[in-house]
Amino acid sequence: MTRLPQHIAIIMDGNGRWAKLHGKKRSDGHFAGAQALFDTMVAACNLGIKYTTVYAFSTENWNRPDEEVEGLMSLLFAKLDINVFMDNDVRFCVIGNTSRLPQDVQERMNYCLEQSANNKRGTLTVALSYSSKWEIIEATKKIARRVKEGTLRVEDIDDKTIDASLNTSFLPDPDLLIRTGGELRLSNYLLWQCAYTELYFCDTFWPDFNEEELCKAIYDYQQRERRFGKTSEQVTVDAGQQDSKQE
Ligand code: IPE
Ligand code: IPE
Ligand code: MG
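If you're wondering where the values come from, they're calculated on a predicted model, not measured in any experiment. Sequence order as written defines residue numbering, which begins from 1 separately in each chain. Whichever chain is written first is A, and whichever ligand is written first is 1; the rest continue in order. Totals for whole chains, interfaces and linings use all residues, but because this is a predicted model, local features are given only for residues with pLDDT of at least 70 and pairs of side-chain atoms are given and counted only at 80 or more. Where side-chain values are given, they derive from all heavy atoms of the structure, hydrogens and water being excluded.

### Here's the deal with the overall build of the chain
So, step 1. A helix here means a DSSP run of H or I that spans at least four residues, while a strand means a run of E at least two residues long, and both kinds are numbered starting from the N terminus. Looking only at helices and strands, the chain has 9 helices and 6 strands in total.
So, step 2. In this description the radius of gyration comes from C-alpha coordinates, and the expected globular size is given by 2.2 Å times residues to the power 0.38. What you see for the chain is a C-alpha radius of gyration of 19 Å, in line with the 18 Å of a compact globule of 247 residues.
So, step 3. Projected onto the principal axes, the alpha-carbon positions of the chain cover approximately 55 × 50 × 35 Å.
So, step 4. Think of it in three bands: residues with accessible area under 20% of the maximum for their type are buried, residues over 50% are exposed, and the middle band is partly exposed, with areas taken using a 1.4 Å probe on protein chains only. Each of the 247 residues in the chain was classed as buried or not, and the buried ones make up 46%.
So, step 5. Residue contacts are counted whenever heavy atoms from the two residues lie within 4.5 Å of one another. Long-range pairs, those at least 24 residues apart, make up 77% of the contacts in the chain between residues at least 6 apart in sequence.
So, step 6. Here the chain displays about 13500 Å² of accessible surface, and carbon together with sulfur accounts for 50% of that area.
So, step 7. The charged-residue count follows a simple rule in which Lys and Arg add positive charge and Asp and Glu add negative charge, with His and chain termini not counted at all. To locate a charge, the coordinates of NZ of Lys, CZ of Arg, CG of Asp or CD of Glu are taken. Taking the average place of the 30 positive charges on the side chains of the chain and the average place of its 37 negative ones, the gap between the two points comes to 3 Å. Per-residue and other accessible areas follow the Shrake-Rupley method at a 1.4 Å probe size, with only the shown protein chains counted as cover for residues.

This is how it looks when you write it as structure tokens:
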């Protein structure tokens, strides 16, 4: 329990293949996936993970068949239940181009954002109509506008300027990224934020993901040495100094 990741990002993939495997419709896979999300959110909170950020719908997912997109939007509307967040003391947040979402989804989403804003046990951020390239383009536009207005000098732009201009400005960078469903790619998710994130891929389809799977990923993470470009010796010395500061 001493080396817990503070922030876990998850690419919840494999709902469609899970459904196929069980002779069900893709929409059944998404339905089962929503349950896995709530179970994982509770498990993460119970373990003491402060931030969980899940990829629920990408910019590219708008290109799926209309029927599937409509089904996903209805599921989102049905599952945005404020009680889940209040009962677990979890703050609900969203990143992405939410203006593209149906009006009823936006209204329910805003209600959950407002009502859960002071919850303290954990933060669940859902990426909806999100892609990292879209987010970086928007951040670039914001920064360019500030330069044009004269409130920011070009030579003062640094990584903090970009961090603060992204949708994720309220979050620390993820320590661990989990992708279920067996694909080995990031699919346009948190590309800037994951510069030094530990990556974990598993074959489990998202609807089968649970507390045990989460613990496996965290345990794997805990065996790793995060060097951030330094040598292993430096990292060991740094850790020793941190420990003596805490004592
Ligand atoms: C992830 O599962 C959920 C969304 C992208 C909305 P998929 O729907 O991508 O499932 P597979 O990858 O086809 O199995
Ligand atoms: C990534 O999964 C997006 C989400 C999990 C929401 P996809 O299934 O859309 O990714 P690709 O197309 O396999 O890269
Ligand atoms: Mg997929």
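Back to the text.
### Describing the site of ligand 1
So, step 1. Taken together, M12, D13, G14, N15, G16, R17, R26, H30, A56, N61, R64 and L72 are the residues near ligand 1.
So, step 2. Pairs of N or O atoms are called polar contacts if they sit within 3.5 Å, as long as, within protein, a hydrogen donor faces a hydrogen acceptor (for residues adjacent in sequence, only side-chain-to-side-chain pairs). With respect to ligand 1, the side chain of R26 contributes an N or O atom lying 2.9 Å from an oxygen atom.
So, step 3. If ligand 1 stood free it would expose 380 Å²; the protein chains cover 87% of that surface.
So, step 4. Think of a 1 Å grid over the protein atoms and nothing else: a 1.4 Å probe that fits but is trapped marks a cavity, an open set flanked by protein within 12 Å on at least five of seven lines marks a pocket, and residues with an atom within 4 Å of a point count as lining. Cavities and pockets are treated as containing a molecule whenever more than half of the molecule's atoms lie within 2 Å of their grid points. Structurally, ligand 1 is housed in the largest pocket. For each residue, the test is whether any non-hydrogen atom lies within 4 Å of the molecule or strand; if one does, the residue is near.

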